[in-house]
Amino acid sequence: MGGVFALMIRLHLWNPNTNPTDGLFEPDTYNQIFTLHGAFMVFMFIIPAIPGALGNLVLPLQLGAKDVALPRLNLSSFYLWLIGTILAVGAIVWGGVDTGWTFYTPYSIYNDRSVILMGAAVFLIGFSSIFTGLNFIVTVHKLRAPGLTWFRLPLFIWAIYATSVLQVLATPVLGITLLLLVFEHVYGIGIFDPQLGGDPVLFQHMFWFYSHPAVYIMILPAMGVISDVITVHSRKPLFGYKMIAFSSISIAVISFLVWGHHMFTSGQSEFAMFAFSFLTFFVGVPTAIKVFSWVATIWQGSIILSNPMLYALAFLIIFTIGGLTGIFLAILNLDIHLHDTYFVVAHFHYVMMGSTAVGLFAGVHHWWPKFLGKTYSRFWSRVACALIFIGFNVTFFPQFIMGAQGMPRRYASYMEEYQPYHQLSTIGAFVLGLGILIMVGYFLHSLFAGKPAARNQWGGVTLEWQSPSPPPLENFDEDPVWVGEVYDYSHLKAEEMSR
Amino acid sequence: MSDGHALPTTPTPAGFVPHEVAHHYNSHVQEYQSWKLAFWLFLATEIMLFGGLFAAYFVYHDLYPETFRVGGQQLDWRMGSLNTAILLCSSFTMALGVRAAQTSEKGKMLTYMILTVAGAAGFMVVKYFEYTAKFSHGLFPGAYFNPHGAYADAFAGLSGANIFFGLYFTMTGIHGLHVLIGAGLILWMIKRGAAGRYHSGHYLPVDIAGLYWHLVDLIWIFLFPLLYLVP
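Residues numbered from 1 in each chain as written. Chains lettered and ligands numbered in written order. Predicted model: local features only at pLDDT ≥ 70, side-chain atom pairs only at ≥ 80, totals over all residues.

Novice: Please explain the overall build of chain A as it appears in this structure.
Specialist: If you tally the helices and strands in chain A, you get 15 helices and zero strands. Over its C-alpha atoms chain A spans a radius of gyration of 23 Å, differing by no more than 12% from the 23 Å that the globule rule assigns to 499 residues. Oriented by its inertia axes, the alpha-carbon framework of chain A measures out at about 75 × 45 × 45 Å. Taking all 499 residues of chain A together, the buried fraction comes to 55%. Put simply, of all contacts in chain A between residues at least 6 apart along the chain, 84% involve residues at least 24 apart. (Helix = DSSP H or I, 4+ residues; strand = E, 2+ residues; numbered from the N terminus. Rg over C-alpha atoms; globule rule 2.2 N^0.38 Å. Buried ≥ 20, exposed ≤ 12 C-beta atoms within 10 Å, placed from the backbone. Contact = placed C-beta atoms within 7 Å.)

Put into C-alpha cells, the structure is as follows:
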C-alpha cells in the first residue's frame, strides 16, 4: 500500500504542474498521498519489518530457545499492530490526513479531525513496538542456551537487542506526544498551540526525541542481518566482532542525543545547534566501524555470490552513500541550505528504503530456506536484486542533485528545469517496483512449488542452522548446548578442503 | 529487584492450586525471572511516558512561573496531602499482601489486598470532589478554561493559566486512569487468590500487581509537590 502511494507520487511528479490543478491529483490529495506513504512506510512497515518478521523467527532459534520469552505478549503485539493499521486505513476513509508523517503542530491541530484517528493508530502501533522490544530483551537475557555467553551471541542478536532498548525507552514518549496532540483536538490543552499560549516547537522536540531513535530502530536490525549474512557467505569470522557489538550499543545510546538535528531551522539556541551537530557527527563513528568491519570481513574471504550476499553487497554500497550524505546534513550551514529539500528525501530513502528494506530482503533470502524448508529460483532472484539495485539508485540519486539545486520536498508542483530529474526518478521507481513484483512472484512460486531445502543451506555456524528446516514446534529436536567461539568456520573449511 | 533472592519454591503447599509452567520454559524459576524482568522494563516505559508530561510541565513552568504559582494555590493542598497519605498506606498494605502471598498466608493476603483496593477507591473519591470543585469554579482544562469571579481575579493579567489546568487535568487524569487499572488488577488477584492460585510456589502475578501499584504511588509522589506545592 505504501509502495502504491509512492508510485502515485512519482506519477504525479512526471509533469511540473506549473498550474497546480493540472496535475494528476489535486494538491490537497497529493498532500494526503505523501502523508500516507510516509506514515504507512515508517510506522507500519519499516519499524516492525525486521524485528517483527525476522526477529520473532530468528532470535529464539539463534539463542537455542523454544520460543520468545512471552509468546502471548507477542501475539497481543501483533493484534495491536493490526488494529492500529485498521484505524489508519479508517483515517484515510474518514477524510485523509495531510500533515506529513511528522504531524507537525500547529497545522495538525487545526486541520481535519481524522488526525485523531491516525494519532490513535500510531499510538497503538507504538505499544505493539514496545511489547516486541520488551519481549526480545527478556528473551536474550533469560532464554539463552547453556554455554551461549554474551560475546558468543550472533551479531543479529546484538543488533536486535540494541533496537529493543530503543523501542522500550523511546516509543512511550511518542505515545504521550500523540496523546497530547489528540487532547489538543479534544479539549485544546494548549501546550502545542501558540494561540493558547503554547509552543509548537515543543511538539517537534518531543516528536524527534522518539523519531530520531526510531531511525535507528529501523536501521540497526538491518545492520544485524548484514553482519550475519556477510560472515556466512564469506566463510570468515566477522572482523572486529566485539567492536560491531559495542557499536550497536553506542549507536543506540548516542541516538537519544541527536534529535535536535532535525530542527536546525526551527529555532534553537546556538549552543544546542552546535552540540546536536557535534553529536550527529559522533554517531558516524560507530556506524563507520561497522562498515569497515564488514568490508574487512569480505576481504580474503571465500565469497559465495549467493542471493543474500548480493543483497548484502547492495546494502553496503547504498548504505555508505546514505550514511555519508547524513554527515553533509549534520553540517550546520550546509543544512540551512539543504533543509526540507529533496536532498533530505534522498538521504533518508537511501538509509530507510535502500538500507533497511534491502537488509530485510537480504535476511529474508538468507533465512527463507530455513523457515519454509523450500528453495527459491536463483535466476529470478538475481534478476530482481539487479532491478531493485538499479531502480533504487535511478530513483533516488537524481533527488540528491535536484535537492542540492534547491528543489523543496512535499511540493505538488515544481519549476520546469527539474523535470528531467523528476522523470528519471519516476522511471527508476517503476523499475524498482518491477523488481519487487518479481521477488513476490518467485517467493510465491517457492512457497507452493519450491524444492526442499537442506538443514544448513548456506553453511552457517550459528544455532539456527542446527535445527531442521523448517524448524519443529519447539524449534529443536533436543535442547541445544553451545560449544566454542562464535562464527568459527574452521571445521567447515576442513570439510570443504577434504572434498 | 531487592527481592531477587526470594524465588518461588516447589512443591505447592497443601490446599493450593499447583501452577503449571508454560511449555517453552525450562523451569519455573526461568519463567518467574523472565516475567519479572519484563515487568520492570514495562515500568521503565511508564516512566518515559510520564517523563514526556513532566518535560512539558517544566517547559511551561519556566515560561509562566507566576501563573503556575497562582495555579498551585487554587488546588487544595489538604486534599492532595490526604490522597498522598492514602496512596502511601495502600502501597504499604500491598507490600504486606505480596509478602503474605510468598508465605502462603491466604487470609492475610486477601485482607491486605482488599485494604489496598479500598485505598484506591478512597483516592478516586477525593479526586472526584477535587475535580467537581474545579469545574464549579470554571477551572476547565485548556480551551474551555473560563474562571468565575474570584478565580478570574486571581489569574488577572496572567497568561498560561489554561495551560496550567490543561496539564493538571491531563497529568492527574492519566494518573487516575492508572489508579483504576491498578485497582482492577488487584481485584483480579483477589478473585484468583481466593481460589487458592497464589502461594509460595507461584506468587508472580501478585508480585507484578504490587510493582505496578508502587509505580502508581511513586508517580503521585512527584505529581503532588509539582502541582499542589509549586513555589
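On we go from here.
Novice: Before we go on, may I ask you to explain the overall build of chain B in this structure?
Specialist: Secondary structure summary: chain B contains seven helices and zero strands in total. Helices and strands in chain B line up, N terminus first, as α-α-α-α-α-α-α. Looking at the 231 residues of chain B, the share that counts as buried comes to 41%. Restricting to contacts in chain B with at least 6 residues of sequence separation, those with at least 24 account for 77%.

Novice: Would you mind going over the environment of A:I191 with me for this structure?
Specialist: You can see A:I191 is positioned in the loop between α6 (155-187) and α7 (200-234). A:I191 gets classed as buried once you count the C-beta atoms within 10 Å, which come to 30. Measuring from C-alpha to C-alpha, the distance between A:I191 and A:I47 comes to 28 Å, with 144 residues separating the pair along the chain. Those residues in contact with A:I191 that sit more than four places away from it in its chain are A:L180, A:G198, A:L202, B:A56, B:Y60, B:I163 and B:G166.

Novice: Explain the environment of A:Y376 here, please?
Specialist: Residues and elements named next belong to chain A. By the element assignment, Y376 lies in the loop between α12 (342-372) and α13 (378-404). Between the C-alpha atom of Y376 and that of N307, which follows or precedes it by 69 residues, the distance is 10.0 Å. With residues near it in sequence (within four places) discarded, Y376 still touches W368, S381, Y442, F443, S446 and G450.

Novice: Just to check I follow, could you spell out the interface of chain B and chain A for this structure?
Specialist: Often the size quoted for an interface is simply the accessible area lost on bringing the parts together. Each partner contributes to the interface: chain B provides 28 residues, whereas chain A provides 31 residues. Those elements giving two or more residues to the side of chain B that touches chain A turn out to be α1 (28-63) and α6 (161-194) of chain B. The greatest single-element share of the side of chain B that touches chain A, amounting to 17 residues, is contributed by α1(B). Classifying every residue of the side of chain B that touches chain A by side-chain character gives 15 nonpolar, 13 polar and no charged. (Nonpolar A, V, L, I, M, F, W, Y, C, P; charged D, E, K, R; others polar.)

Novice: Please explain the packing of α6(B) against helix α7 (residues 204-228) of chain B as it appears in this structure.
Specialist: For any two helices packed against each other, the geometry is given by the interaxial angle and the distance between the axes. Residues and elements named next belong to chain B. Direction vectors running N to C along α6 and α7 enclose 160°, while the axes themselves pass 10 Å from each other. Between α6 and α7, the crossing angle belongs to the class labelled roughly antiparallel. The hand of the α6/α7 crossing is left-handed. Together, Y168, M171, T172, H175, H178, V179, G182, L185, I186, M189 and G193 of α6 and P205, V206, A209, Y212, W213, V216, I219, W220, L223 and L227 of α7 make up the contact between the two elements. (Axes fitted to C-alpha atoms, helices over the stretch in contact; angles between N-to-C directions. Parallel < 35°, antiparallel > 145°, perpendicular 65-115°, else oblique. Left-handed = near helix turned anticlockwise from the far one by under 90°.)

Novice: So what exactly am I meant to see when it comes to the packing of α6(A) against α7(A) here?
Specialist: All names here are of chain A. Where α6 meets α7, the axes come as close as 8 Å, and the angle between the chain directions of the two elements is 165°. The angle between α6 and α7 falls in the class roughly antiparallel. As α6 runs across α7, the sense of the crossing is left-handed. Tallied by class, residues from the contact of α6 with α7 come to 23 nonpolar, six polar and one charged.

Novice: Before we go on, may I ask you to explain the confidence of the model for chain B in this structure?
Specialist: Reading predicted coordinates in detail is not appropriate for stretches of low pLDDT. For chain B, mean pLDDT is 89; residues scoring 70 or higher make up 97% of the total. This complex was scored by the predictor with a pTM of 0.89 and an ipTM of 0.86. (pLDDT = per-residue confidence, 0-100.)

Novice: Mind showing me how you'd approach helix α9 (residues 270-298) of chain A here?
Specialist: An α-helical turn contains 3.6 residues, so any two residues separated by three or four positions project in the same direction. All names here are of chain A. With 29 residues, α9 ought to run about 42 Å at 1.5 Å a step, and its terminal C-alpha atoms sit 43 Å apart, in line with that. Those residues of α9 lying buried are F276, S277, T280, V283, P286, T287, K290, W294 and T297. Elements that come into contact with the buried residues of α9 comprise α7, α8 (241-254), α10 (307-330) and α11 (332-338). (Expected span 1.5 Å × (residues − 1).)

Novice: I'm lost on helix α1 (residues 2-12) of chain A in this one. Help?
Specialist: All names here are of chain A. The complete set of buried residues in α1 reads F5, A6, I9, R10 and H12. End-on view of α1: buried residues confined to an arc of 160°, all on one side of the axis. Of the surrounding elements, those touching the buried residues of α1 are α2 (27-63) and α14 (419-449). (Arc of directions from axis to C-beta.)

Novice: What am I meant to see in the environment of A:G2 here?
Specialist: All names here are of chain A. With respect to the element layout, G2 can be found in helix α1. Assessed through the 16 C-beta atoms surrounding it within 10 Å, G2 is described here as partly exposed. In this structure the C-alpha to C-alpha distance between G2 and L36, which are 34 residues apart in sequence, comes to 7.1 Å. Each residue touching G2, except ones within four places of it in the same chain, is listed here: H37, F40, M41 and F45.

Novice: What is the right way to look at unusual backbone geometry in this model?
Specialist: Across residues other than glycine, the phi torsion is negative in most instances, and most of the peptide bonds are trans. All names here are of chain A. A cis geometry characterises the amide bond from S469 onward to P470, with omega recorded as -10°. Structurally, P470 is set in the loop between α14 and α15 (490-498). In this structure, D340 is a non-glycine residue whose phi angle is positive, near 55°. Structurally, the position occupied by D340 is in the loop between α11 and α12. One non-glycine residue, R410, lies in the positive phi region at around 70°. Structurally, R410 can be placed in the loop between α13 and α14. C-beta crowding within 10 Å serves as the criterion here: with 14 such atoms nearby, R410 is assigned to the partly exposed category.

Novice: What should I look at first to understand the confidence of the model for chain A in this one?
Specialist: When pLDDT is averaged across chain A, the result is 87; 97% of the residues are at 70 or more. Looking over chain A, one finds the lowest element-wise mean pLDDT in α15(A), namely 61, and the highest in α13(A), namely 93.

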